[in-house]
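Report on the structure
Chain residues, written in single-letter form:
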Amino acid sequence: MSALALFVEVILPLPLHGTFTYRVPRDLEHYVSLGKRVVVQFGRKKLYTGIIAETHDSPPKGYQAKYIEELLDDAPIVFEDQLGFWDWMRQYYLCHIGDCMQAAIPSGLKLSSESRLAIHPNYAGEMDGLDEEQLDILEALQNNNFLTLDEIAKLIRKTHVHAVVRSLVELQVVVQYEELQHKFRPKTETVYRMAEWLSDKEQLQEVFEALNRAPKQLEALMQFIQSSKTSKEKGVVKRQILIADNGISAAAVDQLVKKEILLKSEVEVTRLADKDAWAQGDIELTEHQQQTFDELNALFAEKDAALLHGVTSSGKTELYIKLIQQKIADGGQVLYMLPEIALTAQIIQRLQKHFGEKVGIYHSKMSDNERVEVWKKQLSNEPYQVILGARSSLFLPFRKLEFIILDEEHEHTFKQHDPAPRYHARDAAAYLCKKWNAKLLLGSATPSIEAYFNGKRERIGLVHLTERYGGIKLPHIEICDLKLERKAETMKGPFSSQLLGRIKETLDRNQQVIIFQNRRGYSSFVQCNSCGWVPDCINCDISLTYHKYSQDVRCHYCGHSDKVPHVCPNCQSTYIKTKGFGTEQVEEELALHFPEAIVQRMDMDTTRGKHAYTRIISDFEDRRIDILVGTQMVTKGLDFDHVGLVGILNADQLLNYPDFRSFERAYQLMAQVSGRAGRKGRRGLVVIQTSEPTHFIIEQVVRNDYEGMYQSELVLRKQFRYPPFIRMIQITMKHRDREKVDAAAAVLAKELEPIPDKLLLGPEFPLVQRIRNKYNKQIILKMGGANIKERKVQIFKAIQRVHEMKDFRSVQFVPDVDPV
Ligand SMILES: [Zn+2]
Ligand SMILES: [Zn+2]
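So, here's what we can say about the structure. (Residues numbered from 1 in each chain as written. Chains lettered and ligands numbered in written order. Predicted model: local features only at pLDDT ≥ 70, side-chain atom pairs only at ≥ 80, totals over all residues. Heavy atoms only, no water.)

**What to know about the coordination of the zinc ion (ligand 1)**
The condition is simple: Sodium, potassium and calcium take a 3.2 Å donor cutoff, other metals 2.8 Å, and in both cases only N, O and S atoms count; water is not among them, so sites may look incomplete. Working rule for geometry: tetrahedral if four donors all subtend angles between 85 and 135 degrees; square planar for four, octahedral for six, if opposite donors exceed 155 degrees and the others stay between 65 and 115; irregular in every other situation. For helices the rule is a DSSP run of H or I covering at least 4 residues; for strands it is a run of E covering at least 2, with both sets numbered from the N terminus onward. Only protein chains enter the accessibility calculation, which uses a 1.4 Å probe. A residue is then buried if its area is under 20% of the maximum for its type, exposed if over 50%, and partly exposed in between.
Taken together, Cys528 (SG), Cys531 (SG), Cys568 (SG) and Cys571 (SG) make up the protein donors of the zinc ion (ligand 1), found 2.3 to 2.4 Å from the metal. Coordination at the zinc ion (ligand 1) is tetrahedral: its four donor atoms span angles of 105 to 112 degrees at the metal. Taken in sequence order, the residues that donate to the zinc ion (ligand 1) follow the motif C-x2-C-x36-C-x2-C. Note that Cys531 is positioned in the loop between β21 (525–528) and β22 (545–547) and Cys571 in the loop between β24 (561–563) and β25 (576–579), a separation of 40 residues in sequence. With relative accessibility at 35%, the residue Cys531 sits in the partly exposed group. The class of Cys571 is partly exposed, set by a relative accessible area of 31%.

Written out as structure tokens, the structure reads:
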């Protein structure tokens, strides 16, 4: 029981400065404590769920504090150290603590007046045990699709409904309306059984005889019978086993289903691996892995953090599992972070196989209910010991955090872009480790310059794992000079004759192909061939991308779409052409060149659905796809066994992107996508198409020379003053009125002038000046030296001051610390 508290400081889920003081009603004086939720009124009428950050007995100066409306929890839902984490984040990333709360807590834990509620779809009408208040609310909801908390309060004429609504949510009578729209769908898998009528031996014999004329089907049936004897569930064979593992033709299996010899059905795949598998959880490390394992352990005796630089397919995951086993043996907790997109069934199953019920999964593709469940489990006395999650898992409550692994450390998706807090998981993880006295392991085949720099300077440990697992060689990389092919007129659309030849060879060998093109849509843009006119977005200063599938031109910044122009509005010419190649056109042309191959595209347009991404991945794994065309999504750390060739269509595009990180990123993308080629058995091949075959980055990719890339990049970064030599803060101002944004930026630049030891660049319009109808103007601050913390405080205060000026209240100020 806490000491008597007369006032509490409450964090509200709003982008506002500081916490807010509320008065504690007498009957709650003994119950309020740090980390519990309260419902408070803020503004005229609005009610919010906030979190108590502090209890005290000094009334606020100059105004009368309002009373807390309701106290929602018996026990805190966030721990004190989490509040400390939010506070660090707010200061480091120049935002408000309410922004951090908003990012941290699953929305199910912070009902606000606007939260919409509906009857739970699984609620069967059971009313036993519901009290009168609960029944009133149930009745109000039965007559409506959904209601907000405010509306419910009005309908049942009560002011305090949070607590009772929450009890209904917990009883699963009521659900947040948003939840209904993306309801959890289990992962399923296709399986086959023998049809009932074939249990008759004679019938079966007849079928066999009939199939003599269809040898592939016969082979399929024999394999089915063979596999069904050894499968876990007798008589049931997974599609994956039949087709992918045993090389049976998918068409033949489909024919057997058509003839009603086999029955096809979908079964739910349990999220937890079966118990047999858990037992065989022990991992044999190879000699190299064992060496690295020992090296890491030795390093961690001295250092708080280490970078594991391991080539693609070096078996980093096995190492991680060994390290996790070690850490949890004494009751510690481990957080294993991956970029969102890499959190596929592949990795989840591998981890669950080893740690079974000790693993919890946490990422933004999960439903809010699922996330609330994990959150509550972590509050309990028996939390998951291992959390596998995306960047948001940093916000979970921990009891004894001992180790954080951040794999694919170089991925820029570890940085949150919008909204605030614009945090980087790597730096936030480093903070958490310091607080917990835990160890941090970063892993990557192509580390970020920053991490490698820290390794080289011995600020963190650095370990190399240079051998691929199972002795597989790194792929052979061929360069195709586009200038020569163009001169010889051997290009066919986006493809060189060299690449087309390699694709054919690979398909003939019955291997798979990945084609990487970092531009979605059909073409980059459409253009009038007579006068050069290009259609631009009406909201943004950017040309529109042609999408053939939907027959329109679309803006990739704001989503605006328009009809394809047939007549040039500028010169009335009808000679309008598409220029440049997007993934959509690449897919289409590949299908023309290789009509017998199955081509699939993986980009933002084909993976919008919640499960679309996973489906494409598993189709590719099961060899239902021969050629996969994709944007950088295909470069993520996925392991495929049968990829013989990777083609990079246009390396020039990557190299010429106007950003100080473009060389680093071009190297990372090319090296990563190359790493998808060649797994078991055969050395893979990569073909890079470029018109700059002697560009040093291309040569470094060919030589697999990360070190060389790092050294050349470091020279440039030092010369032009970029990270890791200095820190950057980018402040973007946004407004519909160009003059207003100009004025605000000029005033802010002036306000920032007195801040010492900084280089101020701008204000300037960025590459794309107008996005979603708002003009953007940027100031970039480059800072070095110590006490950066104090200068950040000054910067944030300067921004606040300008924002509060009468003229600029409607201007949006977006500070981004360490932009990527
Ligand atoms: Zn024209
Ligand atoms: Zn636009």
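**Here we look at the nonpolar core**
We count it as follows: Definition of nonpolar core: a set of buried residues of the types Ala, Val, Leu, Ile, Met, Phe, Trp, Tyr and Cys, connected through side-chain atoms within 4.5 Å. Should any heavy atoms of two residues lie within 4.5 Å, those residues are counted as being in contact.
The biggest cluster of nonpolar side chains holds 148 residues, and the ones touching the most others in it are Trp86 and Leu394. With near-sequence residues (within four places) excluded, Trp86 lies in contact with Ile11, Ile51, Val78, Ile97, Cys100, Met101, Ala104, Ile105 and Phe395.

**Some details on the sheet that holds strand β3 (residues 37–41)**
Convention followed: For two strands to pair, DSSP has to find at least two bridges joining them.
Read from one edge of the open sheet, five strands run β2-β1-β4-β3-β5, paired in antiparallel fashion. Looking along the sheet, the strands with just one partner apiece sit at the ends: β2 (20–23) and β5 (70–71). In the sheet, β3 pairs with strand β4 (residues 47–56) via five bridges, with the strands oriented antiparallel. Looking across to β4, one finds that Gln41 is bridged to Leu47.

**A word on helix α14 (residues 345–355)**
Within α14 the residues assigned to the buried category are Ala345, Ile347, Ile348, Leu351, Gln352, His354 and Phe355. Once α14 ends, the next one or two residues include Gly356, with phi positive near 45 degrees.

**Notes on the packing of helix α8 (residues 215–230) against helix α10 (residues 250–258)**
Heads up, the condition is: Angles here are taken between N-to-C directions and fall from 0 to 180 degrees, while the axes themselves are lines fitted to C-alpha atoms, restricted in helices to the stretch in contact. Throughout, the term roughly parallel applies to angles under 35 degrees, roughly antiparallel to angles over 145, roughly perpendicular to angles from 65 to 115, and oblique to all others. In the scheme used here, Gly and all other residues not listed as nonpolar or charged are polar, with Ala, Val, Leu, Ile, Met, Phe, Trp, Tyr, Cys and Pro taken as nonpolar and Asp, Glu, Lys and Arg as charged.
At a minimum axis distance of 9 Å, the contact between α8 and α10 shows a crossing angle of 80 degrees. When the axis of α8 is compared with that of α10, the two are roughly perpendicular. Touching Lys216, Gln217, Ala220 and Leu221 of α8 are Ala252, Val253, Gln255 and Leu256, all from α10. Among the residues forming the contact of α8 with α10, the class breakdown is five nonpolar, two polar and one charged.

**Some remarks on the pattern of salt bridges**
What counts, and what does not: Throughout this description, the term salt bridge denotes a Lys or Arg side-chain nitrogen within 4 Å of a carboxyl oxygen of Asp or Glu.
Enumeration according to the criterion identifies 30 salt bridges in this entry. The salt bridge involving Arg717 is made with Glu664; its shortest N-O contact spans 2.7 Å. Placement of the pair is Arg717 in helix α25 (residues 706–719) and Glu664 in helix α23 (residues 662–674), with a sequence separation of 53 residues. The exposure classification of Arg717 matches that of Glu664, with both residues buried. Connected via shared salt-bridge partners are Glu478, Arg502 and Glu505.

**Section: the sheet that holds strand β8 (residues 174–176)**
Strand order in the open sheet formed by three strands is β7-β6-β8, and the pairing between neighbours is antiparallel. Only two strands of the sheet have a single partner each, and these edge strands are β7 (147–148) and β8. Relative to β7, strand β6 (residues 116–119) is paired through two bridges, and the arrangement is antiparallel. By the bridge assignment, Leu117 is partnered in β7 with Leu147.

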